[in-house]
Amino acid sequence: MNTEILGIVFVFATTIALAIPFGKYIAKIYAGERTLLDLILGPVEKLFYKLSGIRVQSEMNWKQHLSALLTINMVWFFLGMFVLMNQGWLPLNPDGNPSQSAELAFNTTISFVVNCNLQHYSGETGVSYLGQLFLMFLQFVSAGTGMAAAAVVIIAFRERSADKLGNFYELMIKSCTRILLPVSLVVAVILLLNGVPMTFEGKDSFVSMQGDTVQVSTGPVAAFVPIKHVGTNGGGFFGANSAHPFENPNYVTNMVEMFAQMFIPIAMVFALGFYLKKRKLSWVIFGVMTIGFLLLVVPTVFSELKGNPAIAEMGIDVSSGATEGKEIRFGTAFSAFWSIATTVISTGSINAMHDSFMPMSGLAQMLAMMTNAFYGGVGAGILNFYIFIILAVFMSGLMVGRTPELMGKKIEAREMKIAMIVALLHPLLILAATALGTTLPQYTAGTLNNPGFHGFSEMLYEYTSSSANNGSGFEGLGDNTPWWNISCGIVLILSRFLPIIGPVAIAGILASKKHIPESAGTLKTDTGTFGIMIFAVIAIITALSFFPALTLGPIAEYFSMK
Amino acid sequence: MKAQNTSLFQGDLIREALVQSFVKLNPKIMFRNPVMFTVWIGTFVMLIVNIWILTGERSQGSLLYNLIVLVVLLLTLLFANFAEAIAEARGKAQANSLRKTREETPAKWIRTVGEMYLDEVQVVPSSQLQKGQFFLCETGDIIPTDGEIVEGLATIDESAITGESAPVIREAGGDKSSVTGGTKVLSDRIKVKVTTEPGESFLDKMIALVEGASRQKTPNEIALTILLAGFTLVFIIVCITLKPFADFANTPITIAAFISLFVCLIPTTIGGLLSAIGIAGMDRALRANVITKSGKAVETAGDIDTLLLDKTGTITIGNRKATHFWAANGIEPDEFIKSAALSSIADETPEGKSILELAALAPEKLRVENPVFIEFTAETRSSGVDFRETRIRKGASDAIRRLTENAGNAFPEETAAKVRDISSNGGTPLVVSENERVIGVIELQDVIKPGIQERFERLRKMGVKTVMVTGDNPLTAKYIAEKAGVDDYIAEARPEDKMNYIKAEQQKGKLVAMMGDGTNDAPALAQADVGVAMNSGTQAAKEAGNMVDLDNDPTKLIEIVEIGKQLLMTRGTLTTFSIANDVAKYFAIVPALFIASIPALQGLNIMGLHSPESAILSAVIFNAIIIPLLIPLALKGVAYKPIGASALLRRNLLIYGLGGILVPFAGIKVIDMVVGLWF
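Residues numbered from 1 in each chain as written. Chains lettered and ligands numbered in written order. Predicted model: local features only at pLDDT ≥ 70, side-chain atom pairs only at ≥ 80, totals over all residues. Heavy atoms only, no water.

Identification of chain B as Potassium-transporting ATPase ATP-binding subunit from Dyadobacter linearis is taken from an unreviewed UniProt entry. Per UniProt, the comment on chain B under Sequence similarities (unreviewed entry) is "Belongs to the cation transport ATPase (P-type) (TC 3.A.3) family. Type IA subfamily." (UniProt positions renumbered as here; feature names shortened; annotations may be inferred.)

Looking at an unreviewed UniProt entry, one finds chain A named Potassium-transporting ATPase potassium-binding subunit, with Dyadobacter linearis as its source organism. UniProt annotates chain A under Function (unreviewed entry) with the comment "Part of the high-affinity ATP-driven potassium transport (or Kdp) system, which catalyzes the hydrolysis of ATP coupled with the electrogenic transport of potassium into the cytoplasm. This subunit binds the extracellular potassium ions and delivers the ions to the membrane domain of KdpB through an intramembrane tunnel." For chain A, the Subunit (unreviewed entry) comment in UniProt is given as "The system is composed of three essential subunits: KdpA, KdpB and KdpC."

Enquirer: Give a detailed account of the sheet that holds strand β13 (residues 382–387) of chain B, specifying residues and quantitative values.
Expert: Residues and elements named next belong to chain B. Across the sheet, which stays open at both edges, the 6 strands sit in the order β11-β16-β15-β14-β13-β12 with antiparallel pairing between neighbours. Sheet topology places β11 (321–327) and β12 (372–374) at the edges, where each strand pairs with a single neighbour. Taken pair by pair, the neighbouring strands of this sheet meet at an average axis angle of 20°, ignoring direction. As defined by bridge partners, β11 adjoins strand β16 (residues 437–445) across 6 bridges and the pair is classed as antiparallel. (Pairing = 2+ DSSP bridges. Helix = DSSP H or I, 4+ residues; strand = E, 2+ residues; numbered from the N terminus. Axes fitted to C-alpha atoms, helices over the stretch in contact; angles between N-to-C directions.)

Enquirer: Explain the side chain of B:R571 residue by residue, including any values.
Expert: Along the chain, B:R571 turns up in helix α21 (residues 556–594). Setting aside its immediate chain neighbours within four residues, B:R571 contacts A:L398, B:T218, B:N220, B:E221, B:L224, B:I270, B:L274, B:I277, B:G278 and B:E299. (Contact = heavy atoms within 4.5 Å.)

Enquirer: Quick one: what's the story with a nonpolar patch on the surface, residue by residue and with numbers?
Expert: Residue and element names in this part refer to chain B. A surface patch of nonpolar side chains, amounting to about 410 Å² of accessible area, comprises L54, L63, L67, V71 and L75. The element best represented in the nonpolar patch is helix α4 (residues 63–100), accounting for 4 residues. Along the chain, the position of L75 falls in helix α4. Given the relative accessible area of 34%, L75 is considered partly exposed. (Patch = residues over 30% accessible without salt bridge, like charges linked within 9 Å, V, L, I, M, F, W, Y side chains within 5 Å. Areas by Shrake-Rupley, 256 points an atom, 1.4 Å probe, with all protein chains shown as cover. Salt bridge = Lys/Arg side-chain N within 4 Å of Asp/Glu carboxyl O. Buried < 20%, exposed > 50% of the residue type's maximum accessible area, 1.4 Å probe, protein only.)

Enquirer: So what about helix α14 (residues 397–406) of chain B? Which residues, and what values?
Expert: All names here are of chain B. Along α14, the positions that sit buried rather than exposed are A399, I400 and T404. Buried residues of α14 fall within an arc of 125° about the axis and therefore sit on the same side. Where the residues of α14 are buried, they touch β13, β14 (390–395), β15 (428–434) and β16. Of the residues one or two after α14, G408 is the one with positive phi, at around 90°. (Arc of directions from axis to C-beta.)

Enquirer: Help me get a handle on the interface of chain A and chain B, residues and values and all.
Expert: Contacts between chain A and chain B engage 60 residues on the former and 64 residues on the latter. In total, chain A and chain B occlude about 5,000 Å² of area from one another, counting both sides; carbon and sulfur atoms represent 80% of this. Summed over the shared surface of chain A and chain B, the result is 2 salt bridges. Linking chain A with chain B are 7 residue pairs in polar contact (both at pLDDT 80 or more). Within the residue set of the side of chain A that touches chain B, elements represented by two or more residues are α14 (380–399), α15 (413–439), α17 (452–467) and α19 (528–561) of chain A. When grouped by side-chain class, the residues that make up the side of chain A that touches chain B number 38 nonpolar, 16 polar and 6 charged. (Buried area = accessible area lost by both parts, 1.4 Å probe. Polar contact = N/O pair within 3.5 Å; in protein donor to acceptor, adjacent residues only side chain to side chain. Nonpolar A, V, L, I, M, F, W, Y, C, P; charged D, E, K, R; others polar.)

Enquirer: Could you give an account of the UniProt feature "binding site: ATP" (unreviewed entry) in chain B, with specific residues and numbers?
Expert: Under the local residue numbering, the UniProt record ascribes the feature "binding site: ATP" (unreviewed entry) to B:D347, B:E351, B:F376, B:T377, B:A378, B:E379, B:T380, B:R381, B:S382, B:S383 and B:K394. Relative to the elements of secondary structure, B:E351 occurs in helix α13 (residues 350–359).

So this is what it looks like as structure tokens:
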């Protein structure tokens, strides 16, 4: 087998093999069981609780959970706005980078608070080291927020009929200290050993072979990059993100960063099974996600390896695939794999320019974000998938002749209403925002890198990435304009919080309902048949919502190239 | 079950439904169904487009093409309305045919003065009989209205209502005293008290329910409507945003194409059939001779977890029967049989009668002088007869043991052993004593209905737990429960035991169904999630339950559960089918929208449709005609197979999911081959 493909298979298999035991560990954390790290981190957490006056013992119902979640996120938003708009005169700014404009700071803060990390600036010139550190903090807590919300949903599954679902602050802090922090530390050490810089000094300089003195941006990169992946954030330290040699120096770091971003989303799926003692359910969910993932990865890898027919026509050798916009040190196949992993998982970090990919790959990347539930971001993946489970349970429950129930809880009009609103939101935001963009060429036309179908794809991709809280860009787009900053910012807020509120609300409502014991007539959710049902629901909803738009973008481009 | 109106579409029903299809075009009525209402708006827009073209507009394609789109959309609406109307018409016809039998039959009204009946009988139309009045029925008469026999006994032909040709016996007192209007007296004469006001019978209520005015959406219907409205909204977004996208790509799209795309994508198939499915569910119940008081009850029936069944009549045939006489040691068997028979002469219970039957002695052999019959009392718990110097008693073994031991006589060991033997075999022992000496044991046995085990097995596969309710002692109850294959039993059941059992099950989150007939069943019937009262039962029981079974057939509960499941399944499968259809419709319409400006998209036209116009027309035509094609399925319901939830899901997913994807590909292609001749 091609060694490039072997590299992908190795990373993917290792990730899954390690994610399963780690899922068990995550389940233990949320169940409040003892773990080895209690010794070291127990006192640290207690100090947090004491300083902030959090009473861990007082459990919350779903409404209290949501109000805690929204409040704390609001605080971070205002703090972030303050830091970014004043970083010019605040300390830790050796390069003398200027403060951000209000609308750029708005976009940046929102996008880091919501775990999207869409960046309309370049890290080298756009933020100070203080800004970077604060953004790093946001990468931790935004991931923690998503994980805590997913934990509430998982806990609600287990409670037979209860409205107390744990303490939000405890779940969030533990997600950061017990899960994100240790994994990030390990990754940071490996990156450091491979030469990723870690310094608070200003720009370095060297004399090039031509004899010019070249200024090179550095900074506390090794601390920043791990959580970018582990928390599926994706906000790069530098503008070029993980294509930059200081963020991702070689094939080994590339493999580690790939591992880091898929690790916790997959582990969360298994954590669900361990926590609920329904491991088969985990495997069904994992199976559906993996099939979806592979259906996107395989065509992308092959279409990239095949190379660009238009270039081949010019008589240029394309035996190493479509190399435009890719780093030679990672190779075509791994870049293609990364492009799907990062879009499926809502990381949005990139190691190649998605704008330069083949139309079919661009289609797969967009589909990955439009689905947004094959693994998905830390926490967010489970939440998005939960909505699809609700819809699948409703339809299949009817098909077996019972009013639908999920784990012994009846799904009725109220839950359906919430689930439909969340399911509707994603297509609404993507399609409506893109439609607005196309009707207002005075704001958008000048920023597009390409005319025609590809230009349309650039716009569609930008809003899809925003709505999926992904953060990757097609990167052809000149996106630091008031139009893009503000419109994407609004899409970001809506698409982050409603999909958290919805599942948590449904889970909370279901948890307080009467539990119906299972019988032979009950539809089992941990079977392959039900897995097929979920997959069909996801595929049909995504395909039906986006097919016409995709036809005018990548599909038209694909057929035009033939 | 009787085969009434077996054909789905009868001429007069179709005529009525056709008229109703147009009446229901009224936007006020359409508004109740959000999916079809959006089609209504689309049709209205197309009407305006056609007028616009008539005034000389050239950008929207030919008039003929637009006119056909308009007509097909209108047909889509009419088909959906027709589905609802035919379901209503069938339900109404079914109920009316039942009701008709009770109207305008002459009734022999007995006038009363105070508590006294007058001997004279006045013939009046049945509709004039008021609640509380009395009437007389003799051989050959049609019973004019529902009532309760106050005097007499008659054999009655209930086939008009139940379809069962074997005549039944109804008599005053007890649980078999109720008669139904429209049935025919075959022999003897009875005096009957009217129990319902004219126009207020359950049938009248049911007709109102079917007729829409009082029909409310059931909770599951509401949830499904939300799902469908959600899908409709998605496609509103898709279609509206497609306009700027198309403009950006310089591909103008006609209004007709837009509306066709929209109407094809929204789930019109299930949207159009949804209310028909609900009505058909009630109608199916009615065809099984069950009158439901609400659509919700039918839906709930599909969810039933626990079924409370009376032993007698459901699990066993009728009552216990004497099957054996066991004489005690030293007693002549013939003597014992004669004594046993003597003790039962005045015993009116079915058990007593069965003892006489089994003894089969000539009446003159049982003639004794001055017999004094001793009635059963709760205190002695025995009954019998005294004549001359002889005192014969019969009763439960402990009662007779007390009787004999009080008189200083021993209770024979071998009799005690026989008693235990009979009990552990599910029988009921009755010990007989003569002059306070045990002379033998009568064995009574239940006869379990043939085929009942298979029915319980079927229920178990559906996930329904069966509970047998019986007045028997725990030993007997256990034996019969095991033999019949029920999951649980309530022995020595009093009415409050049923109630408590139901409450305990409901506490665990289960839905419970039960059937009852007596007044003392009323509280439990009201407590149960599905309470089915027998039509022969008391008025109180009928008021308390949410269904009435005209057949008085206790096994009917099983059918009711299946009807409920069928209702939900039909909804689920047609929804899946409807949404799966969209895949093919996309491949028909989307290339058609853009091919003119982006010829490369011909690659998406995988069906090889003739032209953009023919592709769009084929898709809308398919979308319209699939509704009437599915009406029979909606009315009959999807067959329920008790093969376990996962297997059932697999089966339905394969048929209606995969089928839903494939069928329209074929259908649209075939239509296109015809339409392509002109467009």
